[in-house]
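A look at the structure
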Amino acid sequence: MNNFIFQNSTKVFFGQGCVREYLACLIKGADTVLLAYGGGSIKSNGVYDEVTAILQRTGKRVLEFSGIMPNPTYEKVLEGAEICRRENVDMILAVGGGSVIDCCKAVSLAARYQGDIWEDFWMHPGVINFEPVPLGAIVTVAGTGSECNGGAVITNQKKKIKTGRDYPALNPAFALMDPAYTYSVPVKQMVSGGFDILSHIMETYFSLPDEDNVSDDIMEALMGSVIRNLRLALRNPRDYTARSNLMWDSTMAENRVIKMGKKCDFQCHNMEHQLGAYTDCNHGCGLAVLQPVYYRHIYMDGLSKFVKFAENVWKIPRRGRTDEEMALAGIDALEDFIRELGLPTTLKELGVEREQLREIACSCGISNGSYRRITHDEILDIFQECYE
Ligand code: NZQ
Ligand code: ZN
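In this text, all values refer to a predicted model and were calculated from it rather than measured experimentally.

1. As for the site of ligand 1
Residues in contact with ligand 1 amount to 30 residues; listed here are only the nearest, Gly-39, Ser-41, Gly-98, Ser-99 and His-200. Asn-149 places a polar side-chain atom, nitrogen or oxygen, 3.2 Å from an oxygen atom of ligand 1. Val-185 places a polar main-chain atom, nitrogen or oxygen, 3.5 Å from a nitrogen atom of ligand 1. When ligand 1 is considered free in solution it has 960 Å² of accessible area, and contact with the protein chains removes 88% of it.

Structure follows, in structure tokens:
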């Protein structure tokens, strides 16, 4: 295995009733809490009432920062930072999915920084040598795993760039994860979040090293779990076991455990983020369109891993197939699963215009961890192949 250092500073409280049981105690040290959330789902599913009742009982001063949109913008970050500074907020409580948690991580940094965080921490890697505003997360949808890492993906609409960085100093101090909170997630979002989990695992799995390593073994088990439990949750959205497994799969995929010793690809994420920057498309849906097409471009560069994927994840029998045939059968199985989930399979369905493809392709970052570094011309080929 490659050398690594592992740390994860987020304390996780997992299971039904965890918010009722632990929230009051976790915010003890704060005087003014900023309750941050998205477009209102927490008001219709009862989560807002549960959380605010607990906050009221603690007697804290509570302010609200709402309307955090999917694919959170830099402008929204600045709005939150301004509230934190003006009101002396000493804890942010993010209630939502990846968008709310990511936005709040960036707010926690911007609130305590005089310069331009976009330039100094997102366009270029920065050094956080000060204390961001402490952050806690209450997770309401499984997908990004943002609750247990320092990653924050932000969209700068003016510059047409959507990009993320992972700063350990931005890991939430705590994450409260009640799987029953995810019952109300619409099916479209549940499957797109589920596919995002699978993508995080695949984009780590399909990278060096290829020799025996524990990270790859964990990932095969996790991919099996995501596939199995997404099917169960589709059949019965209130299947607590399936929802719990998906919620923890999501954390396990992005809490850095499986990345240890791995190079990590994330080329599809680079491409999807730029599709998002130009069209505001749904993250998991964008990945579903790109992933099989991208893998058909690179499978020969990581052939032995693609064969393992077919054998160990999709349980495809050899039956005289060559390695190349096995690898392609695994990618076909992934594509069949995407269709089974009802996810989109073309960029046109995401609202991308054909005329935009070249400009978007040229704006994509190129990963250093892929089996093969692709070019902007090849990204354009991939976009064209999955356009319609
Ligand atoms: O805004 P509200 O009204 O709350 O509705 C949300 C939103 O419309 C809804 N939702 C969430 N919980 C719900 C619910 N609806 C009903 N019941 C509930 N319990 O779901 C919709 C999507 O929410 P969002 O937070 O946008 O989804 P997700 O968690 O997939 O986050 C996506 C964002 O995270 C970034 C993505 O690029 C995208 O910007 N990512 C963050 C990562 C990280 N920090 O590590 C890694 C990922 O690869 C990803 O890039
Ligand atoms: Zn993702």
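2. Here we look at helix α10 (residues 267-279)
The end-to-end C-alpha separation of α10 is 18 Å, in line with the 18 Å expected for 13 residues at 1.5 Å each. With 12 of its 13 residues buried, α10 lies for the most part within the structure. Taken residue by residue, α10 has Gln-267, Cys-268, His-269, Met-271, Glu-272, His-273, Gln-274, Leu-275, Gly-276, Ala-277, Tyr-278 and Thr-279 as its buried positions. Here the buried face of α10 lies against β6 (151-156), β7 (161-166), α7 (187-205), α11 (283-298), α14 (357-363) and α15 (376-385).

3. Remarks on empty space enclosed by the protein
On inspection of all chains with the given rule, the structure shows 1 cavity of 30 Å³ or more. Reported here for the largest cavity is a volume of approximately 80 Å³. Val-141, Ala-142, Thr-182, Val-185, Gln-189, Met-190, Gly-194, Ile-197, Arg-243 and Leu-246 are the residues that line the largest cavity. Elements with a minimum of two residues in the lining of the largest cavity: α7 and α9 (240-254). With 4 residues, α7 is the largest single contributor of residues to the lining of the largest cavity. Partitioned by chemical class, the residues of the lining of the largest cavity number 6 nonpolar, 3 polar and 1 charged.

4. Observations regarding the sheet that holds strand β5 (residues 135-139)
If you trace the 6 strands from one edge of the open sheet to the other, you get β1-β8-β5-β4-β2-β3, paired in parallel fashion. For this open sheet the edge positions go to β1 (11-14) and β3 (61-65), each flanked by a neighbour on one side alone. On average, each strand axis in the sheet is inclined to that of its neighbour by 20°, with strand direction left out of account. Across 4 bridges, the pairing between β5 and strand β8 (residues 174-177) is parallel. Following the sheet pairing, Ile-138 is matched in β8 by Leu-176. Strands β1, β4 (91-96), β5 and β8 of the sheet are contacted by helix α1 (residues 18-26), whose axis makes an angle of about 160° with β8.

5. Comments concerning unusual backbone geometry
With omega at 5°, the peptide bond leading from Leu-208 into Pro-209 counts as cis. Along the polypeptide, Pro-209 turns up in the loop between α7 and α8 (214-235). With phi around 55°, Lys-160 is a residue other than glycine that occupies positive phi space. Within the fold, Lys-160 resides in the loop between β6 and β7.

Procedures and definitions
Residues numbered from 1 in each chain as written. Chains lettered and ligands numbered in written order. Predicted model: local features only at pLDDT ≥ 70, side-chain atom pairs only at ≥ 80, totals over all residues. Heavy atoms only, no water. Near = heavy atom within 4 Å. Polar contact = N/O pair within 3.5 Å; in protein donor to acceptor, adjacent residues only side chain to side chain. Areas by Shrake-Rupley, 256 points an atom, 1.4 Å probe, with all protein chains shown as cover. Helix = DSSP H or I, 4+ residues; strand = E, 2+ residues; numbered from the N terminus. Expected span 1.5 Å × (residues − 1). Buried < 20%, exposed > 50% of the residue type's maximum accessible area, 1.4 Å probe, protein only. Contact = heavy atoms within 4.5 Å. 1 Å grid on protein atoms, 1.4 Å probe; cavity = no way out; pocket = protein on both sides within 12 Å on 5 of 7 lines; lining within 4 Å. Points joined across faces, edges and corners; volume = space filled by probe spheres on them. Nonpolar A, V, L, I, M, F, W, Y, C, P; charged D, E, K, R; others polar. Pairing = 2+ DSSP bridges. Axes fitted to C-alpha atoms, helices over the stretch in contact; angles between N-to-C directions.

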